[in-house]
Amino acid sequence: MLESVAALKIILLTTLSFGLAMLWMPILLRILHRYKLGKSIRDSLTAPIYAALHAKKSGTPTMGGVLVWGTVLMLALIVMIISRLAPDTFFGSLNFISREQTLLPFGALIASGLIGLIDDYMNVRRIGPHGGGVRFRHRLMMYAAIAAVGAWWFYAKLDWDLLHVPFFGDFELGWIYPIFFLLVIVSTSFSVNQTDGLDGLAGGSLLTSLGAFGAIAFLQGRFDLTALCGVVIGALLAFLWWNIHPAKFFMGDTGAMSLGVLLGIVAMLLNQPLLLPIVGIVFVIEGVSTLVQIFWKKVYGKKLLLSSPIHHHFEALGWGECTIVMRSWVISIVAAALGVVLALVDMAR
């Protein structure tokens, strides 16, 4: 009975999130156009292949990730108010922000979204080194700062230092746990950010990854966390409605950074970070391809890939944008399903 009520709540919240995002999306798009908050394509001298492939996208509004975390914020506030005014009704029970399950990921989502928004604005206005916004290393430092807060929350506030290894059980990491937490969040945020380069690529891959961890959360009885995943998924669906090729706007760092942080924290809350490389295999491939390209250029003085991340390499080989995105979605769906199956089998032991 409890599961049925929770499932109804999650479905309703996901639907409300999608409807709310679709409702205010034209307002956001009008603001982005009015203030000319369009994407700047990298200089052809520093990234000639990328510049040639994406020249036509110059000026397309960015910061579209605001639609996702902005919708989550608005819906959270709405249901919190309703729960205060009518606590004994079904609609009063729709609040999904709880200290035990969702306060940390929700707060991290909004905080990282705001930081990413500043980076996007700097990029649009060509503020910073080479007019490209925040430097790469400074961006990693921002990821680390947000992750450090989460690591402190887990280790000091929740007194949690256990790592679950599927099929083997829980292992106590002690003081190593905050470092591990930091690495998971930074690597996930970085990888999602690298994936955001083609219409619908990051959004679709996030959809399946969050769906997988939402399912695992439901199986663990963490219904508020499942509801948060559902609300994000609803907003992501609305975002994808306008982000599929040809995109009306792009996710930007404000979306990629915030959703990457959220994905990593959700995996940690479920104590399933070791399933993250499987569920998020597309992000892993994208992030690793960038790091390998940097390493190759530093050590050997030449590129390994025609362009990085790897989706740009495929573009340079002549693959169509939609082909790359659809094939990545297929891989992401299969990987997400595999992650849920592994979690189910592990729980059944």
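Residues numbered from 1 in each chain as written. Predicted model: local features only at pLDDT ≥ 70, side-chain atom pairs only at ≥ 80, totals over all residues. Heavy atoms only, no water.

(A) Fine view of the overall build of the protein chain. When helices and strands are tallied, the protein chain shows 13 helices and two strands. A compact globule built from 349 residues should have a C-alpha radius of gyration of about 20 Å, and the protein chain, at 20 Å, falls within 12% of that. In terms of its C-alpha atoms, the protein chain occupies a principal-axis envelope of roughly 60 × 45 × 35 Å. Buried residues in the protein chain amount to 52% of all 349 residues. Partitioning the contacts of the protein chain with sequence separation of at least 6, the portion at a separation of at least 24 is 76%. Carbon and sulfur atoms provide 70% of the accessible area of the protein chain, an area that totals close to 16,100 Å². (Helix = DSSP H or I, 4+ residues; strand = E, 2+ residues; numbered from the N terminus. Rg over C-alpha atoms; globule rule 2.2 N^0.38 Å. Buried < 20%, exposed > 50% of the residue type's maximum accessible area, 1.4 Å probe, protein only. Contact = heavy atoms within 4.5 Å. Areas by Shrake-Rupley, 256 points an atom, 1.4 Å probe, with all protein chains shown as cover.)

(B) Quick peek at a nonpolar patch on the surface. Taken together, Phe167, Phe168, Phe171, Leu219, Val341, Leu344, Val345 and Met347 make up a surface patch of nonpolar side chains, about 740 Å² in accessible area. Counting residues per element, the nonpolar patch draws most heavily on helix H13 (residues 321-348), at four residues. Looking at where methionine 347 falls in the secondary structure, it is placed in helix H13. (Patch = residues over 30% accessible without salt bridge, like charges linked within 9 Å, V, L, I, M, F, W, Y side chains within 5 Å. Salt bridge = Lys/Arg side-chain N within 4 Å of Asp/Glu carboxyl O.)

(C) Representation of helix H9 (residues 252-269). Between its terminal C-alpha atoms H9 stretches 26 Å, which fits the 26 Å expected from 18 residues at 1.5 Å a residue. Burial within H9 is extensive, with 18 of its 18 residues counted as buried. (Expected span 1.5 Å × (residues − 1).)

(D) Region of interest: the side chain of aspartate 346. Mapped onto the fold, aspartate 346 is located in helix H13. Taking relative accessible area as the criterion, aspartate 346 reaches 10% and is therefore assigned buried. Separated by 2.8 Å, the side chain of aspartate 346 and the backbone nitrogen of phenylalanine 167 make a polar contact. If we skip the residues at most four places from it in the chain, aspartate 346 touches His164, Pro166, Phe167 and Gln272. (Polar contact = N/O pair within 3.5 Å; in protein donor to acceptor, adjacent residues only side chain to side chain.)

(E) A look at the nonpolar core. Core analysis: the largest hydrophobic core is formed by 82 residues, its most contacted members being Phe96, Phe213, Val232, Leu236 and Leu259. Phenylalanine 96 has contacts with Lys9, Leu13, Val72, Ala76, Val79, Thr102, Asp224, Ala227, Leu228 and Val231, leaving out every residue within four places of it along the chain. (Core = buried A, V, L, I, M, F, W, Y, C linked by side-chain atoms within 4.5 Å.)

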